[in-house]
Amino acid sequence: MYLDYLSDLSIFKAVAEERSFTRAAVHFGISQSALSHRMRRLETQLGVRLLTRTTRNVAPTQAGERLLNTLVPALSKIDGELTSLNELRDRPSGTIRITTSKHAGQSILWPKLAKVLTDYPDVHVELSLDSGLADVVSDRFDAGVRLGEALEKDMIAIRISPDQRMAVVGAPSYFESHPLPQTPQDLAEHRCINQRRITSGGLYIWELEKNGREVRVRVDGQLVFNDDDMIVQAALDGGGLAFVMESYVNHPLAEGRLVRVLEDWCQPFAGYHLYYPSRYQPSAAFKLIVDTLRYRG
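Now for a look at the structure at hand. (Residues numbered from 1 in each chain as written. Predicted model: local features only at pLDDT ≥ 70, side-chain atom pairs only at ≥ 80, totals over all residues. Heavy atoms only, no water.)

### Considerations on the sheet that holds strand β3 (residues 94-100)
Through backbone hydrogen bonds, the strands of a sheet pair up, either in parallel or in antiparallel fashion. Taken in spatial order, the five strands of this open sheet run β4-β3-β5-β14-β6, and their pairing is mixed. Two strands lie at the open edges of the sheet, namely β4 (123-129) and β6 (155-159), each paired on one side alone. The average angle at which neighbouring strand axes cross in this sheet is 25°, direction not considered. (Pairing = 2+ DSSP bridges. Helix = DSSP H or I, 4+ residues; strand = E, 2+ residues; numbered from the N terminus. Axes fitted to C-alpha atoms, helices over the stretch in contact; angles between N-to-C directions.)

### Things to note about the packing of helix α5 (residues 102-116) against helix α9 (residues 284-293)
At their nearest, the axes of α5 and α9 sit 9 Å apart, and the two run at 120° to each other. Here α5 lies oblique to α9, going by the angle between them. Read as a crossing pair, α5 and α9 show a hand that is right-handed. Here Leu109, Lys112, Leu113 and Val116 of α5 come into contact with α9, specifically with Ile289, Thr292 and Leu293. Looking at the contact of α5 with α9 residue by residue, the classes come out as five nonpolar, one polar and one charged. (Parallel < 35°, antiparallel > 145°, perpendicular 65-115°, else oblique. Left-handed = near helix turned anticlockwise from the far one by under 90°. Contact = heavy atoms within 4.5 Å. Nonpolar A, V, L, I, M, F, W, Y, C, P; charged D, E, K, R; others polar.)

### Topic: the pattern of salt bridges
All chains considered together, the criterion is met by 17 salt bridges. The partner of aspartate 227 in a salt bridge is lysine 102, and the shortest N-O contact between them spans 3.0 Å. Of this pair, aspartate 227 sits in the loop between β11 (224-225) and α7 (228-236) while lysine 102 sits in helix α5, placing them 125 residues apart in sequence. In this structure, the salt-bridge partner of arginine 257 is glutamate 255, at a minimum N-O distance of 2.8 Å. Residue arginine 257 is classed as partly exposed on the basis of its relative accessible area, which comes to 41%. One continuous salt-bridge network, built from bridges that share partners, spans Arg165, Glu246, Arg260 and Glu263. (Salt bridge = Lys/Arg side-chain N within 4 Å of Asp/Glu carboxyl O. Buried < 20%, exposed > 50% of the residue type's maximum accessible area, 1.4 Å probe, protein only.)

The structure is reproduced here in structure tokens:
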């Protein structure tokens, strides 16, 4: 009942302002006869005539003028509130949970997110730094980040980084008593810092490639870590050779605190991708995060 009243009152306002049934009918996209019927219904329900009709003109009666003076600001306020609700619906808000490796979180996600999140205070981001490749569905994440070569099937994948490279590095102090390795096979004669894989529990096998030839090397040494920062620190302290993402060691390499070896055996590979289930219905906040992280070359 109240919705009918509101609709009919909007029609009355249009007729009174346009001073024409024809123009008001066009405005609402209905026939003139239907509009006239709605006006007669409103006047019958209110028990008062709102419009004076002549063959050439339509004008509000005294009661109509009084009602119009009330309707104009009231309907304007309602329109404003509805507009605000639409803006709220489209404004990015909510919490987005992403599982990612520490390296991707530090080097790719956070530098990009930090630039935009201050402009969207209603968007909250939770980054779970986990190299164990959590399941985004069962663990209730909105998305995950993996290297392109490790993506799951039935997922939408968005590239968020350029190609990546690994680097074999050691401290100058280490090479004072050890020769520079020339081939992957030479690594057997070196102290190497191993990485414990969180997912499998085993030690990471170093994967090297040159001219299409792939070599997998099981290295040995005194040290094993499950954290890249610790591996890099141990290499800086002369603990042995490390095999880590190139971006982890760019600065110490440039500063001469580390020496790179076997660079021609470290070929680029597919970079990081943001992935999520194909059946996922993205929110405005999620679309914002995707657009922010998307790699554009």
